[in-house]
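Residue-level listing of the chains:
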Amino acid sequence: MTRRDEIAAGLAAVTARVERACRSAGRDPAEVTVVVVTKTFPATDVRLLSDLGVRHIGESRDQEAAPKAAACADLGMTWHFVGQLQTNKAGSVARYADVVHSVDRVRLVDALDRAAWSAGREVRCLVQVAVGDRSQSGAGRGGVSAADVPALADHISAARSLRLAGVMGVAPLGGDPDDAFTHLARIAETVQSRHAAATWVSAGMSGDLEAAVAHGATHLRVGTAILGARPPAG
Ligand SMILES: *Cc1c(COP(=O)(O)O)cnc(C)c1O
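Residues numbered from 1 in each chain as written. Predicted model: local features only at pLDDT ≥ 70, side-chain atom pairs only at ≥ 80, totals over all residues. Heavy atoms only, no water.

## A word on the overall build of the protein chain
Per the secondary structure count, the protein chain includes nine helices and eight strands. Rg of the C-alpha trace for the protein chain: 17 Å, near the compact-globule value of 17 Å for 234 residues, within the 12% margin. Counting only C-alpha atoms, the protein chain reaches 50 × 40 × 35 Å along its principal axes. Across the 234 residues in the protein chain, those meeting the buried criterion constitute 49%. At a minimum sequence separation of 6, the contacts of the protein chain that also span at least 24 residues come to 60%. With an accessible surface of roughly 10,500 Å², the protein chain has 51% of that area assigned to carbon and sulfur atoms. Put simply, the protein chain has 26 plus and 25 minus side-chain charges, and the middle of one group is 4 Å from the middle of the other. (Helix = DSSP H or I, 4+ residues; strand = E, 2+ residues; numbered from the N terminus. Rg over C-alpha atoms; globule rule 2.2 N^0.38 Å. Buried < 20%, exposed > 50% of the residue type's maximum accessible area, 1.4 Å probe, protein only. Contact = heavy atoms within 4.5 Å. Areas by Shrake-Rupley, 256 points an atom, 1.4 Å probe, with all protein chains shown as cover. Lys, Arg positive; Asp, Glu negative; His and termini not counted. Charge placed at Lys NZ, Arg CZ, Asp CG, Glu CD.)

Below you can see the structure in the form of structure tokens.
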């Protein structure tokens, strides 16, 4: 099997899972965007994905994403930054990312806004919420507590070069994704009641995308189910 065949098979399997999940939830699959997370995989895979019709690419480390986005600039992909983001990397990320899913503090908003403004770009931002693990707040998967979401959402909304697009959550490892995504859906509603255009809910990965679709996710971030197992982090 060629790499192209492998990726095509992964895409077909994930598309079928999303369609089945939408059918059981009574949702239209057109409401759900799959962001293919290519971290640790080469720019050549992004080209194959483009050939296969994928338009949304996710990355989680700037030092890997910046050169990959540059190498693939001709493809016109929409680049999503989904990982924890250090403030000192905001300047780099704002030059290629169309969407940042992991906005979790005011200082990061300010740094992204400054960088997007000087690059003459507009960056969509999602507030990353800590969900589903009320006992051990955060549990290392990032995000702000529900109580802090409105202020951060307002701050993004007031920034001149950022657009508040919605919320993002990562279900806790070993936890119940239904709990986490129910919580996220409630917070998404609260944000939308103040910011009508903030309709995106980024939730669900390879292992829990069905639960995310059931609870209203508009964006899924899927890596291994499409591209295969990642080499160990290094
Ligand atoms: C890596 C990553 C994903 C994709 O995870 P898979 O389990 O490979 O689908 C999704 N979201 C974030 C934030 C990630 O870092």
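## Some words on the site of the ligand
In the vicinity of the ligand, the residues found are Val37, Lys39, Val82, Met205, Ser206, Arg221, Val222, Gly223, Thr224 and Arg230. Note that an oxygen atom of the ligand is positioned 2.8 Å from one of the backbone N or O atoms of Gly223. For the ligand, an oxygen atom lies 2.7 Å from a polar atom in the side chain of Arg230. Relative to its free-state accessible area of 390 Å², the ligand is covered by the protein chains to the extent of 87%. The residue inventory of the shell around the ligand, partitioned by class, reads four nonpolar, three polar and three charged. (Near = heavy atom within 4 Å. Polar contact = N/O pair within 3.5 Å; in protein donor to acceptor, adjacent residues only side chain to side chain. Nonpolar A, V, L, I, M, F, W, Y, C, P; charged D, E, K, R; others polar.)

## Structural notes on the packing of aromatic side chains
This model, assessed by the stated rule, comprises zero aromatic pairs. One Lys or Arg, Arg160, reaches over the ring of Trp117 and ends 4.0 Å from the middle of that ring. (Phe/Tyr/Trp six-rings, centres within 6.5 Å; stacked < 30°, edge-to-face > 60°. Lys NZ or Arg CZ within 6 Å of the ring centre and 35° of its normal.)

## Concerning the layout of surface pockets
Computed from the structure, the largest pocket encloses a volume of approximately 390 Å³. Partitioned by chemical class, the residues of the lining of the largest pocket number six nonpolar, nine polar and four charged. For the second largest pocket, the calculated volume is near 270 Å³. Lining the second largest pocket are 16 residues, and of these Leu11, Thr15, Val32, Thr33 and Val34 sit closest to its centre. Of all elements in the fold, only helix 1 (3–25) and strand 1 (33–37) reach the threshold of two or more residues within the lining of the second largest pocket. The element contributing the most residues to the lining of the second largest pocket is helix 1, with five residues. Residue classes in the lining of the second largest pocket are distributed as ten nonpolar, four polar and two charged. (1 Å grid on protein atoms, 1.4 Å probe; cavity = no way out; pocket = protein on both sides within 12 Å on 5 of 7 lines; lining within 4 Å. Points joined across faces, edges and corners; volume = space filled by probe spheres on them.)

## Comments concerning the environment of Asp62
Structurally, Asp62 is set in helix 3 (residues 62–71). Judged by relative accessible area, which is 9%, Asp62 ranks as buried. Not counting chain neighbours up to four residues away, the residues in contact with Asp62 comprise Pro67, Phe81, Lys89, Ser92, Val93 and Tyr96. Here the side chain of Asp62 touches Tyr96 through a polar contact of 2.7 Å, side chain to side chain.

## Considering the environment of Ile156
Here Ile156 shows up in helix 6 (residues 149–158). Ile156 sits 47 residues away from Val109 along the chain, and the two C-alpha atoms are 6.3 Å apart. Apart from the residues within four sequence positions on either side, Ile156 is in contact with Val103, Val109, Cys125, Val127, Leu162, Arg163 and Leu164.

## Section: the side chain of Glu64
By the element assignment, Glu64 lies in helix 3. A polar atom in the side chain of Glu64 sits 2.7 Å from the side chain of Lys68. Not counting residues up to four positions away in its chain, the partners in contact with Glu64 are Thr38, Lys39, Thr40, Phe41 and Glu59.

## Observations concerning the pairing of strand 6 (residues 162–169)
With seven of eight residues buried, strand 6 lies mostly within the body of the structure. The pairing of strand 5 (residues 123–129) with strand 6 spans seven bridges and is parallel. Counted as the bridge partner of Val127 is Val167 from strand 6. In this structure, strand 6 lies alongside strand 7 (residues 200–202), joined through three bridges in parallel fashion. Within strand 7, the position partnered with Gly166 by the bridge is Trp200. (Pairing = 2+ DSSP bridges.)

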